[in-house]
Amino acid sequence: IYDFKYGYGYVEVKNNAQLAFYATALRNFIRANGKELDYVRTCIYQPRNGGYREAKITSKRLDKWEAHFMKAGKLIRSAGEYTEGGYILAKIFMT
């Protein structure tokens with residue numbers, strides 16, 4: 001998975017929730033087609049700050065990310081209004 005970032009602020013590729021979300025979706029698509037992935041390689045290209053960098057997310061780590069995403073979705077739905085979503089997600093990832 002490649003992600004192009006053009007801003008000046010440095011974006012870390014390791015433990016990046018956005019890339020992990022994309023990787024989880026990709027893995028679920030691959031699984032739905034009867035195959036399995038051992039890992040997903042994620043890459044950020046940021047020409048204004050750091051250039052190219054990459055990380056590997058193992059399937060085991062994706063299981064943990066997916067659990068976080070599912071928990072976040074359930075909490076957001078149970079909150080009634082989406083306005084608290086960012087706070088809820090931050091709270092989940094801090095625990």
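Since this is a predicted model, take the numbers as computed values, not measurements.

Trainee: Describe the confidence of the model for the protein chain, naming the residues involved and giving the relevant values.
Mentor: Mean pLDDT over the protein chain stands at 87; residues scoring 70 or higher make up 82%. The element-level mean pLDDT for the protein chain is lowest in helix α3 (residues 85–94), coming to 54, with strand β2 (residues 39–46) highest at 97.

Trainee: Summarise a nonpolar patch on the surface; cite the residues concerned and give the values.
Mentor: Taken together, Y2, F4, Y6, Y45 and Y52 make up a surface patch of nonpolar side chains, about 640 Å² in accessible area. Position of Y6 among the secondary structure elements: in the loop between β1 (2–4) and α1 (17–32).

Trainee: Lay out α1 with the relevant residues and their values.
Mentor: Taking 1.5 Å per residue, 16 residues should reach 22 Å; α1 reaches 22 Å between its end C-alpha atoms and fits that length. Within α1 the residues assigned to the buried category are L19, A20, A23, T24 and R27. Relative to the axis of α1, the buried residues are bounded by an arc of 140° and lie together on one face. Opposite the packed face of α1, turned more than 90 degrees from it, sit the exposed residues F29 and A32. One side-chain oxygen at the N-terminal end of α1 lies 3.0 Å from the backbone nitrogen of Q18; it belongs to N16. Immediately downstream of α1, the backbone of G34 shows phi near 80°, a positive value.

Trainee: So what's going on with the sheet that holds β2? Which residues, and what values?
Mentor: Strand order in the open sheet made by the three strands is β1-β2-β3, with mixed pairing throughout. Whereas interior strands pair on both sides, the edge strands pair on one side only; in this sheet they are β1 and β3 (51–58). Strand after strand, the sheet turns through a mean of 20° between neighbouring axes, direction not considered. Packing against the sheet, α1 makes contact with β1, β2 and β3, and its axis sits at approximately 140° to β2.

Trainee: Just give me the short version of the environment of A17, but keep the residues and values in it.
Mentor: By the secondary structure assignment, A17 is in helix α1. For A17, a relative accessible area of 30% puts it in the partly exposed group. Measuring from C-alpha to C-alpha, the distance between A17 and H68 comes to 9.8 Å, with 51 residues separating the pair along the chain. Excluding its chain neighbours within four sequence positions, the residues that come into contact with A17 are W65 and F69.

Trainee: How would you explain the side chain of Q46 if you had to name every residue and give the values?
Mentor: The residue Q46 is located in strand β2 in this model. Accessibility expressed as a relative area gives 1% for Q46, which makes it buried. Once you skip the residues sitting within four places of it in the chain, Q46 turns out to touch K5, G7, Y8, G9, Y10, V11, G51 and R53.

Cut-offs applied
Residues numbered from 1 in each chain as written. Predicted model: local features only at pLDDT ≥ 70, side-chain atom pairs only at ≥ 80, totals over all residues. Heavy atoms only, no water. pLDDT = per-residue confidence, 0-100. Helix = DSSP H or I, 4+ residues; strand = E, 2+ residues; numbered from the N terminus. Patch = residues over 30% accessible without salt bridge, like charges linked within 9 Å, V, L, I, M, F, W, Y side chains within 5 Å. Areas by Shrake-Rupley, 256 points an atom, 1.4 Å probe, with all protein chains shown as cover. Salt bridge = Lys/Arg side-chain N within 4 Å of Asp/Glu carboxyl O. Expected span 1.5 Å × (residues − 1). Buried < 20%, exposed > 50% of the residue type's maximum accessible area, 1.4 Å probe, protein only. Arc of directions from axis to C-beta. Polar contact = N/O pair within 3.5 Å; in protein donor to acceptor, adjacent residues only side chain to side chain. Pairing = 2+ DSSP bridges. Axes fitted to C-alpha atoms, helices over the stretch in contact; angles between N-to-C directions. Contact = heavy atoms within 4.5 Å.

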